[in-house]
Amino acid sequence: MEHKIAEPNARVDVADVLRGLAVMGIILLHSIEHFNFYSFPKEVPFEWMNFTDQAIWRGLFFTFSNKAYAVFALLFGFSFYIQDNNQQRRGKDFRLRFLWRLFILLIIGQFNAAFFTGEILTMYAILGIILPIFCRMNDRTVLIFATLLILQPIDWVKLIYALCNPDYVAGESLARYYFGIAFDVQKNGTFLETLRMNMWEGQLANMTWAIEHGRILQTPGLFLLGMLVGRRQYFLYSKKNERLWLKALAFSLLCFFPIYGLNNMLPEFIERSAILAPLQLILSSFSNLSFMILLVTGLLLTFYHMKDRSFFMRFTTYGKMSLTNYLGQSIFGSLLFYHWGFELGRYLGITYSFLFGILFVLLQMTFCSWWLRHHKHGPFECLWKRLTWIGKK
């Protein structure tokens, strides 16, 4: 196994593979969701598609929903560590430059939000401030704070309050209200009407959903964990890390299935929504995190033990251009599925949308391979990097 330890780029390669797989999962989910526009044909062309529609929908959501985003958030923190560490080695402080980098990401996020109500870059730009705040603290402090965030303290407070107040009834979902407005515009609006909606109600829908579903705390917690992964060099192969990955894999397997099963059983025993909703959110957050750890550790173990990594390495170019790919799916997804564009949701059911998603990912992967043969960075990655270091001598 000694050759594995000597590979200087293996840590970055495996991160790019993980990032590429996460973006692929996100795009496939968005494709069957019609990019947050839940409009589908009333009838399927073939009877067997009733089965494939359900199988694909449930299978993709089970595998990627809230897990792909978790991997993406973990790697955001990991990337910060790599950049910060590189600057520290040169005797420079990256923290203020990173805040400027987040401001640029905020602007890019606003551009993305004009097309897609499910955009996450704006939230990353805001919540990413936690990284320069904690990056000089010791591992123990960072781990404790990250754990507190991931434990969903807001929903624990909601749960305890509901248990102590039997008459308490939770209010209506703000996210559902704003997504309802978004749906009407996506279904009937012009491009300019859709753009205006996306820049206000669409972002409110996205942010309130993140608050109501625990992502607003889980995301910065994962940023910090990703920074720790980089700091402790867990993506590098070593016997010690391999033992750690195996323990993490076993622990995630032991945690996921009981928590997932318990979460699905709760509606049979708890009728009061003020208790059920926060409890299910807490448990689903834990089960999703367990499954995410299972995916990451499983890929790490497979990646470092395979002699032929050619299949995995195909995802490195896709992962290196994740920002370009993510923005591309928003622009083309809204063009193809919303009313102002081709409104394909009227014709494509879940099975056909899944096949469309696969084709779209393959086209993006082909483009990424071609582009990186001629350029060092993707188009938007290059823009973000250049603007990050603008004014630097």
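- Named according to an unreviewed UniProt entry, the protein chain is DUF418 domain-containing protein originating from Bacteroides acidifaciens.

1. Details of a nonpolar patch on the surface
Point 1. On the surface, Phe46, Trp48, Tyr352, Leu355, Ile358 and Leu362 cluster together into a nonpolar patch covering about 580 Å² of accessible area.
Point 2. By the secondary structure assignment, tryptophan 48 is in the loop between α2 (10-32) and α3 (49-64).

2. Observations concerning the packing of α2 against helix α17 (residues 350-374)
For any two helices packed against each other, the geometry comes down to the angle between their axes and how far apart the axes lie.
Point 1. Between α2 and α17, the least distance of the axes is 8 Å, while the angle of their chain directions is 145°. Read as a crossing pair, α2 and α17 show a hand that is right-handed. In this structure, α2 contributes Met24, Ile27, Leu28, Ser31 and Ile32 to the contact, and α17 contributes Ile350, Ser353, Phe354, Phe356, Gly357, Ile358, Phe360, Val361 and Gln364.
Point 2. Tallied by class, the residues present in the contact of α2 with α17 amount to ten nonpolar, four polar and no charged.

3. Here's the deal with the nonpolar core
Point 1. Grouped together as the largest cluster of nonpolar side chains are 94 residues, with contacts concentrated most on Phe76, Tyr124, Leu131, Leu224, Met227 and Phe235.
Point 2. What phenylalanine 235 contacts, discounting residues up to four positions off in sequence, is Arg11, Val14, Ala15, Leu18, Leu75, Phe78, Val229, Trp245, Val296, Leu300 and Tyr304.
Point 3. The next biggest cluster of nonpolar side chains, apart from the first, holds twelve residues, and it includes Leu159, Leu266, Ile270 and Leu276.

4. Topic: unusual backbone geometry
Residues apart from glycine generally show negative phi values, whereas peptide bonds are mostly found in trans.
Point 1. A positive phi angle is found at histidine 34, which is not glycine, with a value near 60°.
Point 2. Residue position: histidine 34 is located in the loop between α2 and α3.
Point 3. The class of histidine 34 is buried, set by a relative accessible area of 0%.
Point 4. A positive phi angle, close to 60°, is found at glutamine 152, a residue other than glycine.

5. Structural notes on the UniProt feature "transmembrane region" (unreviewed entry) in the protein chain
Point 1. UniProt tags residues 21-40, 60-82, 102-130, 142-164, 244-262, 282-303, 323-341 and 347-372 as "transmembrane region" (unreviewed entry).
Point 2. Annotated as 79% helix and 0% strand, the span residues 323-341 places its first and last C-alpha atoms 23 Å apart.
Point 3. A distance of 35 Å separates the end C-alpha atoms of residues 347-372, which is 88% helix and 0% strand.

6. Structural notes on the environment of phenylalanine 35
Point 1. Mapping phenylalanine 35 onto the fold places it in the loop between α2 and α3.
Point 2. Linking phenylalanine 35 and glycine 333, residues 298 residues apart in sequence, is a C-alpha distance of 6.1 Å.
Point 3. Beyond its immediate sequence surroundings of up to four residues, phenylalanine 35 is in contact with His30, Phe116, Gln186, Gln329, Gly333, Phe337, Tyr338 and Phe356.

7. Things to note about the UniProt feature "domain: DUF418" (unreviewed entry) in the protein chain
Point 1. Taking the numbering used here, the UniProt-annotated feature "domain: DUF418" (unreviewed entry) corresponds to residues 230-390.
Point 2. Between the C-alpha atoms that bound residues 230-390 there is a distance of 26 Å. The span itself is 80% helix and 0% strand.

8. Here's the deal with the packing of aromatic side chains
Point 1. Per the stated rule, a full pass over the model turns up 45 aromatic pairs.
Point 2. Taking 5.8 Å as the distance between ring centres and 50° as the angle between the ring planes, the aromatic pair formed by phenylalanine 94 and phenylalanine 98 counts as tilted.
Point 3. Their ring planes at 15° and their centres at 5.5 Å tell us that tryptophan 245 and tyrosine 304 sit as a pair that is stacked. Pair noted here: tryptophan 245 is in helix α13 (residues 239-269) and tyrosine 304 is in helix α14 (residues 273-305), with a separation of 59 residues, a long-range link.
Point 4. Judged by its relative accessible area of 3%, tryptophan 245 falls in the buried class.
Point 5. An aromatic cluster of three or more residues is present, and its members are Phe72, Phe76, Phe80, Phe94, Phe98, Tyr124, Phe223 and Trp389.
Point 6. The residue whose ring lies beneath lysine 67 is phenylalanine 291, and the NZ or CZ to ring-centre distance is 5.3 Å.
Point 7. Geometry around tryptophan 384 places arginine 101 over its ring, the cationic atom sitting 3.7 Å from the centre.

9. What about the pattern of salt bridges?
Point 1. Applying the stated criterion across every chain yields a total of eight salt bridges.
Point 2. A salt bridge links arginine 136 to aspartate 93; the nearest nitrogen and oxygen atoms lie 3.7 Å apart. With a gap of 43 residues between them, arginine 136 in the loop between α7 (130-134) and α8 (139-150) and aspartate 93 in the loop between α4 (68-89) and α5 (95-113) connect regions that are remote in the sequence.
Point 3. On the basis of relative accessibility, which here comes to 45%, the residue aspartate 93 falls in the partly exposed class.
Point 4. With a shortest N-O distance of 3.8 Å, glutamate 343 and arginine 346 are connected by a salt bridge.
Point 5. Glutamate 343 gets classed as buried once you look at its relative accessible area, which sits at 12%.

Criteria and thresholds
- Residues numbered from 1 in each chain as written.
- Predicted model: local features only at pLDDT ≥ 70, side-chain atom pairs only at ≥ 80, totals over all residues.
- Heavy atoms only, no water.
- Patch = residues over 30% accessible without salt bridge, like charges linked within 9 Å, V, L, I, M, F, W, Y side chains within 5 Å.
- Areas by Shrake-Rupley, 256 points an atom, 1.4 Å probe, with all protein chains shown as cover.
- Salt bridge = Lys/Arg side-chain N within 4 Å of Asp/Glu carboxyl O.
- Helix = DSSP H or I, 4+ residues; strand = E, 2+ residues; numbered from the N terminus.
- Axes fitted to C-alpha atoms, helices over the stretch in contact; angles between N-to-C directions.
- Left-handed = near helix turned anticlockwise from the far one by under 90°.
- Contact = heavy atoms within 4.5 Å.
- Nonpolar A, V, L, I, M, F, W, Y, C, P; charged D, E, K, R; others polar.
- Core = buried A, V, L, I, M, F, W, Y, C linked by side-chain atoms within 4.5 Å.
- Buried < 20%, exposed > 50% of the residue type's maximum accessible area, 1.4 Å probe, protein only.
- UniProt positions renumbered as here; feature names shortened; annotations may be inferred.
- Phe/Tyr/Trp six-rings, centres within 6.5 Å; stacked < 30°, edge-to-face > 60°.
- Lys NZ or Arg CZ within 6 Å of the ring centre and 35° of its normal.

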